[in-house]
Amino acid sequence: MSAKSNSDGDETGQPTNVLLLTSAVDGCEAAACRELSETTHPSRSHVILATGLQSPRERLADWEDDVGVRPAETTVVDLATATRSAAASTASTGETPTGPTGPDGVDRWADATVERVAEGDLLGLGETLDAALTGSDRPTTLCVRSVSDLLQSADVETVFRFLEALTRGVDRAGGVAHYHLNTDVHDAETVETLAVLFDAVVGLNDREGADV
Amino acid sequence: MTSNDTPQGGSVTAFRRGSDATAGQVVLVADDDPAVADEIADALQEGYVVRTVTAGEELLAALDEDLSVVLLDPRLPTTENALDRLAADVDCRVAALVPDGHDAVDERFDGRVRKPVSWSALRATVDRLCRCVSYRDALDRYFDLAQALAGLDEGDPQRERIAERLDALEAELDETGAPLDSGEVYDAALRER
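Residues numbered from 1 in each chain as written. Chains lettered and ligands numbered in written order. Predicted model: local features only at pLDDT ≥ 70, side-chain atom pairs only at ≥ 80, totals over all residues.

In terms of helices and strands, chain A carries seven helices and seven strands. Considering only contacts within chain A whose residues lie at least 6 apart along the sequence, 79% involve residues at least 24 apart. (Helix = DSSP H or I, 4+ residues; strand = E, 2+ residues; numbered from the N terminus. Contact = placed C-beta atoms within 7 Å.)

Right, here's the structure in full:
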């Protein structure tokens, strides 16, 4: 459980780094994300939510809707994007936790840590994610949503190199991670090039399920 | 990394020479004291191709694309110029040979080795810096192959051969990257050409 091997997947055959292919017409994204987020029960986990297009507030609200279970520890790593700041300029300012408030008006995510990284700063993103991955004694689950957002601010080759380093870091930290990629907005060649980096690929029309 | 400090380092040298990750990489030693430059070159020659220079102008003339690591005493008069050319280079790392009593070193250096030089510390530093360069080199080849694979049709007979080469490259990346810390890995992966 605690010591994962430093190569692809661990001894139990559980893949460490999974690429999750999504599409607007598919509709399974939430369910797949939930399943991949629950390899260790979230109530015992440190869950790291890396978000691009969505603000931390929206991201936490989605977690609440899709998974429901409060993680023992939550970190949101926010890669602000230009698209979002144009779309929702008021949503995510300041360092205060930004979770949805419950019916009683109490901020349910007051204990979540929010880390911000400037758009396009992949080095800063890597360092921030690495600190989060290695910063807790709990089993750690990382959800990156999404690789498509990364591809808005960097070319595919740069994102490929970044993801090689990140998947390596997840392996090292003994965590598990999955990475959303919206196939509606990338050509098949981009998707297949990136797929090489992962232990498994799931999603979309039962695309090849494993071991790329 | 190695906790047993072997001053003249026979066993450490033998171990490092066995590493494919850094074999044959070119190291330039720049120090205005020829005796120091030669000593450092001797300590490294069993795993690397070593060149030495002892004057500022020579240093600038010696900066070429073969180099993986430059070790340089920052008191050399052309240091600024050399750093301008080498800092954040994708294919080369530069370490300061820090003179006794000089603690402040330009932050563009990727590493530092204190004088008088400990041979084990020297070799450990050069090994890490060479690995950073090798890791990125392997990563660039990995991307090229992944892209080549993605460009082929499902039934293309070349796929199997490329998949095998990708497996070999993954092993190479693991072997090269394993001793590096994550900051070094991200730095190597994200430097811009």
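This part takes up helix α7 (residues 182-190) of chain B. Counting buried positions along α7(B) yields seven of nine residues, so the element is predominantly enclosed. Taken together, the buried positions of α7(B) are B:S182, B:E184, B:V185, B:Y186, B:D187, B:A188 and B:A189. Packing partners of the buried residues in α7(B) comprise α4 (122-134) and α6 (156-173) of chain A together with α5 (119-150) and α6 (158-177) of chain B. (Buried ≥ 20, exposed ≤ 12 C-beta atoms within 10 Å, placed from the backbone.)

Moving on: the domain arrangement of chain B. All names here are of chain B. Under the domain assignment used here, chain B contains domain 1 (10-130) and domain 2 (133-190). Taken residue by residue, the interface counts eleven residues in domain 1 and seven residues in domain 2. Among the elements that line the side of domain 1 that touches domain 2, the one with the most residues is α5, at three residues. (Domains from an automatic or database assignment.)

The subject of this paragraph is the environment of B:V50. Residues and elements named next belong to chain B. In this structure, V50 sits in strand β2 (residues 49-53). In this structure, the C-alpha to C-alpha distance between V50 and D38, residues twelve residues apart in sequence, is 9.7 Å. Ignoring any residue separated from it by four or fewer positions in sequence, one finds V50 in contact with V27, V29, A41, L44 and Q45.

Residue and element names in this part refer to chain B. Strand order in this open sheet of five strands is β2-β1-β3-β4-β5, and the pairing throughout is parallel. The open sheet terminates on both sides in strands that have one partner only, identified here as β2 and β5 (111-114). Between one strand axis and the next, the sheet turns through 20° on average, direction left out of account. Relative to β2, strand β1 (residues 26-30) runs parallel, the two being bridged by five bridges. Residue pairing across strands places V26 opposite V49, the latter belonging to β2. (Pairing = 2+ DSSP bridges. Axes fitted to C-alpha atoms, helices over the stretch in contact; angles between N-to-C directions.)

Time to look at the interface of chain B and chain A. Between chain B and chain A, the contact holds 16 residues from the first and 19 residues from the second. Looking at the side of chain B that touches chain A, the elements with two or more residues in it are α5, α6 and α7 of chain B.

Here the focus is the environment of B:D32. All names here are of chain B. Looking at the element boundaries, D32 is found in the loop between β1 and α2 (34-44). Separated by 43 residues in the primary sequence, D32 and R75 have C-alpha atoms spaced 8.5 Å apart. Not counting residues up to four positions away in its chain, the partners in contact with D32 are T54, A55, D73 and L76.

This part takes up unusual backbone geometry. Between A:R145 and A:S146 the backbone carries a cis peptide bond, its omega angle lying at 10°. Looking at the secondary structure, you find A:S146 in the loop between β5 (140-145) and α5 (147-153). Here B:K115 and B:P116 are connected by a cis peptide whose omega angle stands at -5°. Along the chain, B:P116 turns up in the loop between β5 and α5. In this structure, B:A88 is a non-glycine residue whose phi angle is positive, near 60°. Summarising the element assignment, B:A88 is placed in the loop between α4 (79-86) and β4 (93-98). Assessed through the 13 C-beta atoms surrounding it within 10 Å, B:A88 is described here as partly exposed.

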